[in-house]
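Here are the chains, one letter per residue:
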Amino acid sequence: MAAAEKQPVTGAGPLNGLLTWVDQRFPLVSTWKEHMSEYYAPKNFNFWYYFGSLALFVLVIQIVTGIFLTMNYKPDAAQAFASVEYIMREVPWGWWIRYMHSTGASFFFICVYLHMFRGMLYGSYRKPRELLWVFGMLIFLCLMAEAFFGYLLPWGQMSYWGAQVIVNLFDAIPIIGPDLAIWIRGDYVVSDATLNRFFAYHVIAVPLALLALVGAHLLALHEVGSSNPDGVEIGKKKDPKTGIPLDGVAMHPYYTVKDTFGVMVFLLVFSIVVFFAPEMGGYFLEHNNFIPADPLKTPQHIAPVWYFTPYYSILRAVTEEFMWVLAAGVIGMAGLIIWSVERAAIKVAVAAAALVLLGGFYALDPKVWGVALMGLSTMIFFLLPWLDRSPVKSIRYKGPITKAALALFVIAFIVLGYLGTETVTEGRTLAAQIGTAVYFLFFFLMPWYSRIDPCLPEPERVTSK
Amino acid sequence: MNDPSKVNRSRRNLVIAGAGVGGAAAIGTAVPFAASMLPSERAQALGAPVEADIGQLAPGEKLTVEWRGQPVWIVRRTQEMLEGIKKAESKVADPKSARKKSELTPEYARNEYRSRKPEYLVVVGICSHLGCSPQDKFKAGAEAFERDWSGGFYCSCHGSLFDLAGRVYKNKPAPDNLRVPPYSYLSDTRILIGEDKKGA
């Protein structure tokens, strides 16, 4: 039997006996070694590498506070708003738990956006980490769904009209759209049925998917090993005697201690927001959401919460006139691909796809394409591992074109995010349209500019000061 | 028979058939779950018509009535407002209400004022873009969203504009005019929304 062959656990003092008993029946020591004490991560992680563990920490905050919120919340259109106010005013410490949950939602996105930006800076998505990136993107999509479902639950004006707008996005899908929207709502308008099912998604369906994906993300990470700010593989240079990467340090204790420090700084900032600015001037909790939902009256100014505003701006940017820009973009892209590829079959396929798209631009409402573009803007990150053709991974060794492109993308993302919180004027629509063009050009032109960009040679080993 | 490199065809077929039948059963089981998310019998039954009393409505005023959970607007239009509609003719995308006729505009509203009587506009106050309820901007004049505004509705969600006949302006996110619900006059001061009775 395998159990009898295992070495007894040593070094745990009085617990040796118990741990040995467990280890002979469960892969305790081997799991600990594989993922903690003998998982070697590059020694040159910098500031940007905090946000993965911080995102995990926020997930824990959200789950714990969420469990306690469900003890008092009522998923019923007639009682939901009042039950949230009850939590805020009458449940002991209810305000604190609720503000941690609402602030946690925004901090989750802050951590995840910075974590994704880290991946883009240092090419963390490049081979062999494509699947790791894909799992991460699925987590991002689940997180957006989770935030959207959760936002309906307080049943305020922004909850109601936000859900109304987002569910109506599906209405734009040709043929099946209207029935699909009814199926999602469970009614002809956003109603009690919608609230009740969104509660089910928010507290059980999506969190289960989220946890499974986080598990897959971590397993994939530990399979391929972490990348680092230099973008070089530490596994290539190992100590010939021990087989340990020369530039690696053990996850535990080195990075567990570093990440604990990160958590402490995070908690400091998080607490300041929770205690002193939980609404964050209307960005974390929108003012209009303190008014109960009224299906007959849309608030004067509606905007999604800040983390959705870049995509929302893209949706609003697609007007009839912008369709010409889109058509020009499709023709340009098709021309570029046809000129670049060798195989005739691909050339024909690209030309056909472009013609279908152009026909679609003509036949269907701009609204449909606005929704399509909004969807694409959140999904396109999936393709990064295959769009980036640079010989190097890290921004440290990439050339000026990539650096400029990334800077422009970040500016476009922030500008679109700002515009999404504001009302529409002609000037702002134009700005959003320019931002939308930059946003997509960053991705669509990447296969070309990343290849011709003059890069510096990557070092053999990681660098550190 | 015991050669591991050789596939036992009949067993393999049994596995394939079993997986097929099991898969079909699994898909079949998913149907009731998906169907349980459709509107319930109760939700379907709540679509009854509602009555609105317009006796107190002054010229230039709007009344909002709830019908099937949606706001229905009744606007008593002044002569000035009706002229504004004429002025907007060239700016609206579908002046003749020709698009999606059967869905958006009942036969008796396929005229320039999109109503049974020019004086009273009856429309569902839900933007055809993404379902916000637009705001009243009845006063003509210069507006931030339109320099030469002749009165109508402004959807602050995505900037769509509608004139006082519920017709959508060109080059705006909303693709269609506001929906005119089926309605009929029970008397001069009472409107039934949700049903068009003959002879009214």
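Residue indices begin from 1 for each chain and proceed along its sequence in written order. Here chains are named by letter from A upward and ligands by number from 1 upward, in the order in which they appear as written. Given that the model is predicted, a residue must reach a pLDDT of at least 70 before its local features are reported, and side-chain atom pairs must reach 80 or more before they are shown or counted; all residues, however, enter totals for whole chains, interfaces and linings.

Before going further, it helps to spend a moment on the overall build of chain A. Secondary structure counts use DSSP, requiring at least four H or I residues in a row for a helix and at least two E residues in a row for a strand, with both numbered from the N terminus. Helix and strand counts for chain A stand at 19 helices and two strands. In terms of overall size, chain A behaves like a compact globule, its C-alpha atoms giving a radius of gyration of 25 Å where 465 residues would be expected to give roughly 23 Å. Overall, the C-alpha framework of chain A stretches about 70 × 65 × 45 Å when taken along its three principal axes. Three exposure classes are used, based on other C-beta atoms lying within 10 Å of a residue's own C-beta, which is placed from the backbone: buried for 20 or more, exposed for 12 or fewer, and partly exposed in between. Here chain A holds 465 residues, and 38% of them are scored as buried. The globule rule is 2.2 Å times the number of residues to the power 0.38, and the radius of gyration it is compared with is taken over C-alpha atoms.

Take the overall build of chain B next. When its secondary structure is counted, chain B shows four helices and nine strands. Of the regular secondary structure in chain B, the N- to C-terminal order runs α-α-β-β-β-α-α-β-β-β-β-β-β. On C-alpha atoms alone, chain B measures out to a radius of gyration of 26 Å, which is more than a quarter above the 16 Å that the 2.2 N^0.38 rule sets for 200 residues. If you line up chain B on its principal axes, its C-alpha atoms span 95 × 40 × 25 Å. Once local pairs closer than 6 in sequence are excluded, the contacts in chain B between residues at least 24 apart make up 54%. Our contact criterion uses C-beta atoms placed from the backbone: two residues qualify when those atoms are within 7 Å.

Here the focus is the sheet that holds strand β6 (residues 152-154) of chain B. Residues and elements named next belong to chain B. The strand order across the open sheet formed by three strands is β5-β6-β7, and the pairing between neighbours is antiparallel. On the outer flanks of this sheet lie β5 (135-137) and β7 (161-163), each paired with one strand and no other. Averaged over all adjacent pairs, the angle separating strand axes in this sheet is 30 degrees, with direction ignored. Sheet topology note: the β5/β6 ladder contains three bridges and is antiparallel. Across the sheet, the residue bridging to D136 is F153, located in β6. What makes two strands pair is DSSP finding at least two bridges between them. Lines fitted to the C-alpha atoms define the axes, with helices restricted to the stretch that makes contact. Angles between their N-to-C directions range from 0 to 180 degrees.

Another aspect to go through is the pairing of strand β9 (residues 190-193) of chain B. Residues and elements named next belong to chain B. Going residue by residue along β9, you find I191 and I193 tucked away on one face and R190 and L192 left uncovered on the opposite face. Here three bridges tie strand β8 (residues 183-185) to β9, and the two strands are oriented antiparallel to one another. Bridge pairing in β9 links Y185 to I191.

For the rest of this paragraph, the subject is the sheet that holds strand β4 (residues 120-124) of chain B. Strand pairing in a sheet relies on backbone hydrogen bonds, with the paired strands running either antiparallel or parallel. All names here are of chain B. Taken in spatial order, the three strands make up an open sheet running β2-β3-β4, and their pairing is antiparallel. A single partner strand is all that each edge strand has here, and the edge strands are β2 (62-67) and β4. For this sheet, the mean angle separating the axes of adjacent strands, direction not counted, is 20 degrees. Pairing between strand β3 (residues 70-76) and β4: five bridges, direction antiparallel. Across the sheet, the residue bridging to V72 is V124, located in β4.

This part takes up the nonpolar core. Membership of the largest hydrophobic core comes to 134 residues, with the highest contact counts inside it found for A:F108 and B:V122. The element best represented in this core is helix α7 (residues 130-152) of chain A, accounting for 13 residues. Residues within four places of B:V122 in sequence aside, it is in contact with B:V72, B:I74, B:S115, B:V180, B:P181, B:Y183, B:I191 and B:I193. The term nonpolar core refers to a set of buried Ala, Val, Leu, Ile, Met, Phe, Trp, Tyr and Cys residues connected through C-beta atoms within 7 Å.

It is worth spelling out the interface of chain B and chain A at this point. Taken together, the contact between chain B and chain A spans 27 residues of the former and 32 residues of the latter. Residue assignment for the side of chain B that touches chain A shows that the elements contributing at least two residues are β2 and β3 of chain B. In this classification, Asp, Glu, Lys and Arg are treated as charged, Ala, Val, Leu, Ile, Met, Phe, Trp, Tyr, Cys and Pro as nonpolar, and every other residue, Gly included, as polar. Looking at side-chain class alone, the side of chain B that touches chain A contains 12 nonpolar, 12 polar and three charged residues.

Moving on, we get to the confidence of the model for chain A. Here chain A shows a mean pLDDT of 94. Residues at 70 or above account for 99%. pLDDT expresses how confident the predictor is about each individual residue, on a scale running from 0 to 100. Across chain A, helix α4 (residues 51-70) of chain A holds the top mean pLDDT of 98, while helix α1 (residues 2-5) of chain A sits lowest at 58.

Next up on the list: the environment of A:S53. Residues and elements named next belong to chain A. One can find S53 in helix α4. We classify S53 as partly exposed; it has 18 C-beta atoms within 10 Å. Linking S53 and C111, residues 58 residues apart in sequence, is a C-alpha distance of 9.1 Å. Apart from residues no more than four positions distant in its own chain, S53 is found in contact with D259 and G262.

Here we take up unusual backbone geometry. All names here are of chain A. Cis geometry marks the peptide bond from K127 to P128; its omega dihedral reads 5 degrees. Relative to the assigned elements, P128 resides in the loop between α6 (94-122) and α7. Note that the residue after H252, namely P253, is joined by a cis bond; omega there is 10 degrees. Position of P253 among the secondary structure elements: in helix α11 (residues 251-276). Its identity as a non-glycine residue notwithstanding, M280 has a phi of 50 degrees, on the positive side. Looking at the secondary structure, you find M280 in the loop between α11 and α12 (309-317).

The next point concerns the confidence of the model for chain B. One rule of thumb: low pLDDT means the predicted coordinates there are not for detailed reading. Residue and element names in this part refer to chain B. Summarising the model, chain B shows a mean pLDDT of 89, and 97% of its residues fall at 70 or more. Looking at the elements of chain B, mean pLDDT is at its lowest for helix α2 (residues 41-45), recorded as 82, and at its highest for β4, recorded as 95. Two summary scores accompany this predicted model of the complex, namely pTM at 0.89 and ipTM at 0.79.

Residues and elements named next belong to chain A. The N-to-C vectors of α4 and α6 enclose an angle of 160 degrees; their axes lie 9 Å apart at closest approach. Between α4 and α6, the angle is such that the two are roughly antiparallel. As for the relative orientation of α4 and α6, their crossing is left-handed in sense. Across the interface between the two elements, F51, G52, L54, A55, V58, I61, Q62, T65, G66, F68 and L69 from α4 touch I97, R98, M100, H101, G104, F107, F108, C111, V112, L114, H115 and R118 from α6. Grouping the constituent residues of the contact of α4 with α6 by class yields 14 nonpolar, seven polar and two charged. When an angle is under 35 degrees it counts as roughly parallel; over 145 it counts as roughly antiparallel; between 65 and 115 it counts as roughly perpendicular; any other value is oblique. By convention the crossing between two helices is left-handed if the near helix lies anticlockwise of the far one by an angle smaller than a right angle, and right-handed if it lies clockwise.

Once that is clear, we can look at helix α10 (residues 192-224) of chain A. All names here are of chain A. A helix is expected to span 1.5 Å for every residue after the first. Its 33 residues place the ends of α10 46 Å apart at the C-alpha level, agreeing with the 48 Å of an ideal helix rising 1.5 Å per residue. Maximal helix bending in α10 amounts to about 45 degrees, located at Y201. Of all the residues in α10, the buried ones are T194, L195, F198, F199, H202, V203, V206, H217 and L221. Among the structural elements, α4, α5 (80-89), α7, α8 (157-171) and α9 (177-185) are those in contact with the buried residues of α10. At the C-terminal side of α10, G225 shows a positive phi close to 85 degrees. To obtain the bend at a residue, axes are fitted to the seven residues ending there and to the seven starting there, and the angle between these axes is taken.

Turning our attention to the packing of α7(A) against α8(A). Residues and elements named next belong to chain A. Running from amino to carboxyl end, α7 crosses α8 at an angle of 135 degrees, the nearest separation of the two axes being 8 Å. What the angle tells us is that α7 and α8 run oblique. Note on element contacts: α8 touches α7 through S159, G162, A163 and I166, opposite F148, Y151 and L152. Split by residue class, the contact of α7 with α8 holds five nonpolar, two polar and no charged.

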